[in-house]
Amino acid sequence: MKKIRALALFSGGLDSLLAMKLIIEQGVEVIGLYFDTGFGGKAEEEKKRYLKDIADKIGAKLEIINIKEQFIKEILFNPKYGYGKNFNPCIDCHANMIRVAKALLPKYDAHFIISGEVAGQRPMSQRMDALKKVEELSTADRLILRPLSAKLLPITIPEEKGWVDREKLLDIHGRSREVQINLAKKWGIENYESPSGGCLLTDENFSKKIKDHIKFDKFETEDIDVLKWGRHFRLPDSAKLVVSRNKDENEKIKELNLNKYIKFSLPLPGPLSLINKDASNEDKKMAAKIALTYSKAKPDEVYEVEIGNEKFKTSPFENKKEAQKYFVK
Ligand code: SF4
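Figured I'd write up the structure that's included with this text. Just so we're clear, the structure is a prediction, and the values are computed from it rather than from any experiment.

**Observations regarding the pairing of strand β9 (residues 273–276)**
Point 1. Because side chains alternate across β9, one face comprises the buried residues Ser273 and Ile275, and the other comprises Leu274 and Asn276, equally buried.
Point 2. Looking at chain direction, strand β7 (residues 240–243) and β9 are connected through 3 bridges and run antiparallel. Note on β9: the bridge partner recorded for Val243 is Ser273.
Point 3. Two elements, strand β8 (residues 261–264) and β9, share 4 bridges in a ladder whose sense is antiparallel. Bridged to Phe264 within β9 is Ser273.

**Structural notes on the nonpolar core**
Point 1. Grouped together as the largest cluster of nonpolar side chains are 74 residues, with contacts concentrated most on Ile23, Val30, Leu33, Phe35, Phe39, Phe112 and Ile189.
Point 2. Two domains share this core, each providing at least three of its residues, namely domain 1 (5–200) and domain 2 (203–324).
Point 3. Not counting chain neighbours up to four residues away, the residues in contact with Val30 comprise Ala6, Ala8, Met20, Ile23, Ile24, Ala60, Lys61 and Ile114.
Point 4. Listed in part, the 25 residues of the second largest apolar core include Leu235, Phe264, Ala287 and Phe312.

**Observations concerning the sheet that holds strand β2 (residues 29–36)**
Point 1. Spatially, 5 strands are ordered β3-β2-β1-β4-β5 in an open sheet, and the strand pairing comes out parallel. Because the sheet does not close on itself, it has two edges, and the strands there are β3 (61–66) and β5 (144–145).
Point 2. Bridging between strand β4 (residues 112–114) and β5 involves 2 bridges; their strand directions are parallel. What sits directly across from Ile114, in β5, is Leu145.
Point 3. On top of the sheet, helix α1 (residues 14–24) reaches β1 (5–9), β2, β4 and β5; it is set at about 160° to β2, its chief contact.

**A few points about the side chain of Lys240**
Point 1. Following the sequence through the fold, Lys240 ends up in strand β7.
Point 2. Of the side chains bearing the opposite charge, Asp212 lies closest to the buried Lys240, which forms no salt bridge; the N-O distance is 4.4 Å.
Point 3. One polar contact links Lys240 to His232, side chain to side chain, over a distance of 2.9 Å.
Point 4. Not counting residues within four places of it along the chain, the set of residues in contact with Lys240 comprises Asp212, Leu227, His232, Phe233, Arg234, Tyr261, Leu274, Ile275, Asn276 and Val328.

**Looking at the site of the ligand**
Point 1. By nearness alone, every residue bordering the ligand is listed as Asn88, Pro89, Cys90, Cys93, His94, Cys199 and Thr202.
Point 2. Of the residues assigned to the shell around the ligand, the class counts are 4 nonpolar, 3 polar and no charged.

Parameters and conventions
Residues numbered from 1 in each chain as written. Predicted model: local features only at pLDDT ≥ 70, side-chain atom pairs only at ≥ 80, totals over all residues. Heavy atoms only, no water. Buried < 20%, exposed > 50% of the residue type's maximum accessible area, 1.4 Å probe, protein only. Helix = DSSP H or I, 4+ residues; strand = E, 2+ residues; numbered from the N terminus. Pairing = 2+ DSSP bridges. Core = buried A, V, L, I, M, F, W, Y, C linked by side-chain atoms within 4.5 Å. Domains from an automatic or database assignment. Contact = heavy atoms within 4.5 Å. Axes fitted to C-alpha atoms, helices over the stretch in contact; angles between N-to-C directions. Lys, Arg positive; Asp, Glu negative; His and termini not counted. Salt bridge = Lys/Arg side-chain N within 4 Å of Asp/Glu carboxyl O. Polar contact = N/O pair within 3.5 Å; in protein donor to acceptor, adjacent residues only side chain to side chain. Near = heavy atom within 4 Å. Nonpolar A, V, L, I, M, F, W, Y, C, P; charged D, E, K, R; others polar.

Here you go:
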């Protein structure tokens, strides 16, 4: 008989792991799809290593699906069901993952989709009605199985066809994590991530930076990384300035491949910074002044800072408070 294969929405969080494990236990081959929106956290390489290790541990395969561009274009700024507490469009985001997974079924020769959602568990994405909304939006045609709450939900195609045994699925409901924690213990699943897996869209400060950004500029893929690092300033003529906070951030900013921004350093040891390429000369001069303020430069000395092909002579502010007036709030 042909092997039954499922694609799982795999965030790395405990619920997605348990949902996958429940199905693997039934002899189904599971491929965990991690949807890389770019907002999954700052330590991307670390996250990918973690996903690989934990997927191996439960006997699933891992595929990382880059949806950065599609997510920005179609979901992030126009979610049908709005946002959670911050810039997190969870219902639309889940539905989008299911839609993309559904489109990938033929590629992986897979039969159905698994999601770790639990009925009534979390305020935004997992209320019962939210599950229904996700279903409608995702056009999953009953191909989406939620093993942790399946017994409370209408029967799906994988159950109907006997690919999985509904009796062995669960009926978890609500916010208590007890059943999940006991199952994790039983299967030796340890060191798993928190439910949102560090999604930056649920972070208040990151959300503020997105809101500020879209007031002045189109949001593009490269902006995701720009928003992750450094102190952020909005200058008087509306350019964005990013000033790194430490050596690690200097390295991160150095690695970025950017079209809209120019990187600049100082004529003395200090932060690496970024400013919009099309910033006015006044903003570039202000950027130099602010960046100098975060170095060991002396307020009574004049420094020449090169930004792109231009050179600006300026001194740091006497006090960081002067620079902080331009912080993105
Ligand atoms: S927490 Fe982030 S990744 Fe998870 S559903 Fe919400 S927006 Fe999507």
